[in-house]
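Next come the chains, spelled out residue by residue.
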Amino acid sequence: MPINKFTLFIVLVLLFAEIKFTSAQEAAGEKLTLKSLTEKISGPDDPDIIKLRFNSGTSAERYSSSVIKDFSEVNSNVLSKSFDVKSDKYNSLSPKQFPANNKEVKIKLSKDNSDDYIPWEANRHFGLAVFDELFFNIAFPWALARFGRDWEDSTAGERWPFIGFQSIWSNIQKGWNYDGDNFTTNLFAHPYGGNIFFNSGRVNGYNFWESSAFALAGSYLWESFMETNQPAINDWVNTGMNGAAFGEILYRLSTYITDNQARGGHRVWTEIVGGIVNPVRLFNRLVTGEASRIFPNPSWRQLDNLEIAMDAGTRVLFEEDSTHNPGPKELDGIFELAIHFGNAYRLEHATPFSHFYYNIEIASSSPNLTGMNAEGSLFAVKLSDKPTSKHSLETTLNYNYENNPGFLYGNAAIMEQLNSLFKISDKLDLRTKLGLRLIPMGGTPNDYFYDSLDGRSYDFGQGLGAIGRISLHMGDWDIFTIQYDLDYIWTQSEPTYSKHFLQGGTLDFQLPIKDYFVFGVGAGYYKRKSYYFYPQDYFGYNVPGQPETNAPDVSFQTPIVRVFFKTRIL
């Protein structure tokens, strides 16, 4: 435990004035040694009262917590100074005068007003929120694109940053369409940019819902004013909805990483790492001085509610073509980071994302970012809370990104799910989830379409989906899990002549070796059935070598096998 300024000054007084220390509850007059001094100051027997005893004797006088107090006594009576460390905190204690006769001592106590400090995020600050939004995610990236690239180069592509009043008016008049950007740009880069918009409000005192409006408004400004391209509705939804899901999780994680009570090198590193997770929050903390100020952490920052696990292993994908003939086999190394906050079965959902799950998967081969999922609670209703069973109805905001050689899919979704827990024994319970999914925006491959200019080879559309999950939970681990997902997407982007039925299933076993370490094996599959109904006279951007008319339906299935080790770090 670090020695704070208060402790250092106490040591100084002890060395020069030969003061004996006792805590307020040391009835037997136990003396403290230098070795145990730090522990006693940091955690006394009674954490509410600490007493300084000068000289020796039997009587004691209790003084009020004034800033400067003179301790003087002609007789050798005991002089004491007591203060409540909860209501009156002190961060320094310095000797003012030590006479040779040791009969008069002046001690200066400088009061720490951290309890009186109102954190920046406790109140709304519209001005700085607007500045963060306009600078970090509009002005800076636009200027970087406009002036940081050689647009005279023939390979530079569309000159989209060359905006003017004519392009702005044209965008407003034409309205929304679907753009041609590649999958990673639309389903990852835009949600991450939405996180910046979202946190421009969140770190300036706005709640989840208000900050979501910052994400939607910021995306609208960019789409309408900062590009010559026609505004894209898929960008607006992915930036707004997925940006809110991504942003709230990163806001909470950065709050967990930074510690307002930390000092020294530990404080510096937590601020740096927290800033990597949430750059807008780091900027605000530097501007407001909170990066170095000592003040209380938020009340919801309870580490007991946070679980972080990492696993590493091998994944094998067995690709099959539309006739179900075996295709190429992909062998990848996979690293996964999974973060779980709160508990869906404890029914503790006072605010949005008071329960959330987030994971990211990195593969050894391309594409390296192979998976990312976020799910956060918006509302929850308690249906039953018995000792043997618990049931709740929960509404969640979901972000899904799957990008591997056998399966390509991303969406923004709202899900209504029934969570149930059945107690089997003290350490064993059965957990189930049944849910329906509303998909405002989903993207999945189109086998006969390719935008050669921007790289889009997939369809965008709205859809519906469902999920079913059963797990056997023992201690801190799911030792057995089976899950099935299905989504149905109606294509709305050009060309609109398709619809897609997507399925996925997983079966996992985890064997606990230690309380914090498990060995796991898993199997599963991805399946896509795409239905096409191109008209006979349609001529569009087709994949080279594929027919422009009479495009047959396509079915793909990708079995998966995975072996991994997982460890819990928190």
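Conventions used here
- Residues numbered from 1 in each chain as written.
- Predicted model: local features only at pLDDT ≥ 70, side-chain atom pairs only at ≥ 80, totals over all residues.
- Heavy atoms only, no water.
- Helix = DSSP H or I, 4+ residues; strand = E, 2+ residues; numbered from the N terminus.
- Buried < 20%, exposed > 50% of the residue type's maximum accessible area, 1.4 Å probe, protein only.
- Contact = heavy atoms within 4.5 Å.
- Phe/Tyr/Trp six-rings, centres within 6.5 Å; stacked < 30°, edge-to-face > 60°.
- Lys NZ or Arg CZ within 6 Å of the ring centre and 35° of its normal.
- pLDDT = per-residue confidence, 0-100.
- Patch = residues over 30% accessible without salt bridge, like charges linked within 9 Å, V, L, I, M, F, W, Y side chains within 5 Å.
- Areas by Shrake-Rupley, 256 points an atom, 1.4 Å probe, with all protein chains shown as cover.
- Salt bridge = Lys/Arg side-chain N within 4 Å of Asp/Glu carboxyl O.
- Core = buried A, V, L, I, M, F, W, Y, C linked by side-chain atoms within 4.5 Å.
- Domains from an automatic or database assignment.
- Axes fitted to C-alpha atoms, helices over the stretch in contact; angles between N-to-C directions.
- Left-handed = near helix turned anticlockwise from the far one by under 90°.
- Nonpolar A, V, L, I, M, F, W, Y, C, P; charged D, E, K, R; others polar.
- Polar contact = N/O pair within 3.5 Å; in protein donor to acceptor, adjacent residues only side chain to side chain.
- Pairing = 2+ DSSP bridges.
- Expected span 1.5 Å × (residues − 1).
- Bend = angle between axes of the 7 residues up to and from the residue.
- Parallel < 35°, antiparallel > 145°, perpendicular 65-115°, else oblique.

Draft legend 1. Spotlight on the overall build of the protein chain. Helix and strand counts for the protein chain come out as nine helices and 18 strands. Across the 570 residues that make up the protein chain, the buried fraction comes to 46%. Taking all contacts inside the protein chain whose residues are at least 6 apart in sequence as the whole, residues at least 24 apart take part in 65%.

Draft legend 2. Representation of the packing of aromatic side chains. Under the definition given, this model contains 39 aromatic pairs. Geometrically, the ring pair formed by F183 and Y458 is edge-to-face, given 5.6 Å between the ring centres and 85° between the ring planes. Here F183, found in helix α5 (residues 183-202), pairs with Y458, found in strand β14 (residues 458-474); they are 275 residues apart in sequence, far enough to count as distant. Three or more aromatic residues joined by ring pairs form one cluster here, namely Y178, F183, F188, Y401, Y458 and F460. A cation over a ring is seen here: R456 above Y458, with NZ or CZ 6.0 Å from the ring centre.

Draft legend 3. A look at unusual backbone geometry. In this chain, S366 is followed by P367 through a cis amide linkage whose omega measures -5°. Relative to the helices and strands, P367 is located in the loop between β9 (356-363) and β10 (369-385). At the junction of E494 and P495, the peptide bond is cis and its omega measures out at -5° in the coordinates. Along the chain, the position of P495 falls in the loop between β15 (477-491) and β16 (498-514).

Draft legend 4. Region of interest: the confidence of the model for the protein chain. Summary statistics for the protein chain give a mean pLDDT of 80 and a share of 74% for residues scoring 70 or more. The lowest-confidence element of the protein chain is strand β1 (residues 20-23), averaging 36 in pLDDT; the highest-confidence one is β14, averaging 97.

Draft legend 5. Local environment of a nonpolar patch on the surface. A cluster of nonpolar residues, L134, W169, I172, W176, Y220 and L221, forms a patch on the protein surface that exposes about 570 Å² of accessible area. Listed by contribution, the elements that provide at least two residues to the nonpolar patch are α4 (165-174) and α6 (208-225). Following the sequence through the fold, I172 ends up in helix α4. Under the relative-accessibility criterion, I172 is labelled partly exposed at 41%.

Draft legend 6. The arrangement of the nonpolar core in detail. Core analysis: the largest hydrophobic core is formed by 43 residues, its most contacted members being F353, Y358, M372 and L397. Here this core spans two domains, since at least three of its residues come from each of domain 2 (125-288) and domain 3 (307-568). Counting nine residues, the second largest nonpolar core, distinct from the first, contains A413, I439, I489 and Y526.

Draft legend 7. Spotlight on the packing of α6 against helix α7 (residues 233-257). It is at 9 Å that the axes of α6 and α7 come closest, and there the two elements cross at 145°. Here the hand of the crossing between α6 and α7 comes out right-handed. Between α6, through F208, S212, A215, L216, S219, Y220 and E223, and α7, the contact on the second element is made entirely by D235, W236, T239, G240, A244 and E248. For the contact of α6 with α7, a count of residues per class yields six nonpolar, four polar and three charged.

Draft legend 8. Structural context of the environment of L486. Residue placement: L486 occurs in strand β15. Residue class for L486 comes out partly exposed when judged on its relative accessible area of 26%. Put simply, L486 and G505 are 19 residues apart on the chain and 8.8 Å apart in space, counted from C-alpha to C-alpha. Not counting the four nearest positions on each side in its chain, L486 is found in contact with R437, L464, G465, A466, F501, L502 and Q503.

Draft legend 9. Structural view of the environment of L511. With respect to the helices and strands, L511 occurs in strand β16. Sequence-wise, L511 and W477 are 34 residues apart; in three dimensions their C-alpha atoms are separated by 8.8 Å. Setting aside residues no more than four positions away along its own chain, L511 makes contact with F517, V518 and F519.

Draft legend 10. Molecular detail of the side chain of S420. Structurally, the position occupied by S420 is in strand β12 (residues 407-423). For S420, the side chain forms a polar contact with the side chain of H391, separated by 2.7 Å. The contact partners of S420, leaving out residues within four places of it in the chain, are Y345, K390, H391, L430, R431 and T432.

Draft legend 11. Representation of the environment of R159 in the model. Tracing the backbone through its elements, the reader meets R159 in the loop between α3 (126-147) and α4. Judged by relative accessible area, R159 falls into the partly exposed class, the value being 38%. Separated by 68 residues in sequence, R159 and E227 have C-alpha atoms that sit 8.8 Å apart. Once residues within four sequence positions are removed from consideration, R159 is found in contact with W151, E152 and T228. Within the structure, the side chain of R159 is placed 3.4 Å from the backbone oxygen of W151, a separation counted as a polar contact.

Draft legend 12. Main features of the pairing of β10. Bridging between β9 and β10 involves seven bridges; their strand directions are antiparallel. What sits directly across from I362, in β10, is L369. Where β9 hands over to β10, the hairpin turn is made up of five residues, counted between the paired strands. Bridging between β10 and strand β11 (residues 389-404) involves 13 bridges; their strand directions are antiparallel. Considered in β11, the bridge of D385 is made with K390. If you look at the hairpin formed by β10 and β11, you'll find three residues sitting between the two strands.

Draft legend 13. Representation of α3 within the structure. Given a rise of 1.5 Å per residue, 22 residues ought to cover 32 Å, and the 30 Å separating the end C-alpha atoms of α3 matches this to within 8%. Maximal helix bending in α3 amounts to about 40°, located at F135. Looking at α3, one finds that the buried residues are L128, A129, D132, E133, N137, I138, W142 and A145. Residues of α3 that are buried make contact with α5, α6 and α9 (279-288).

Draft legend 14. Main features of the packing of α5 against α7. Packing of α5 against α7 brings their axes to within 6 Å, and their N-to-C directions diverge by 60°. Classified by the angle between their axes, α5 and α7 sit oblique to one another. Where α5 crosses over α7, the handedness of that crossing is right-handed. Broken down by class, the residue content of the contact of α5 with α7 amounts to 10 nonpolar, 12 polar and three charged.

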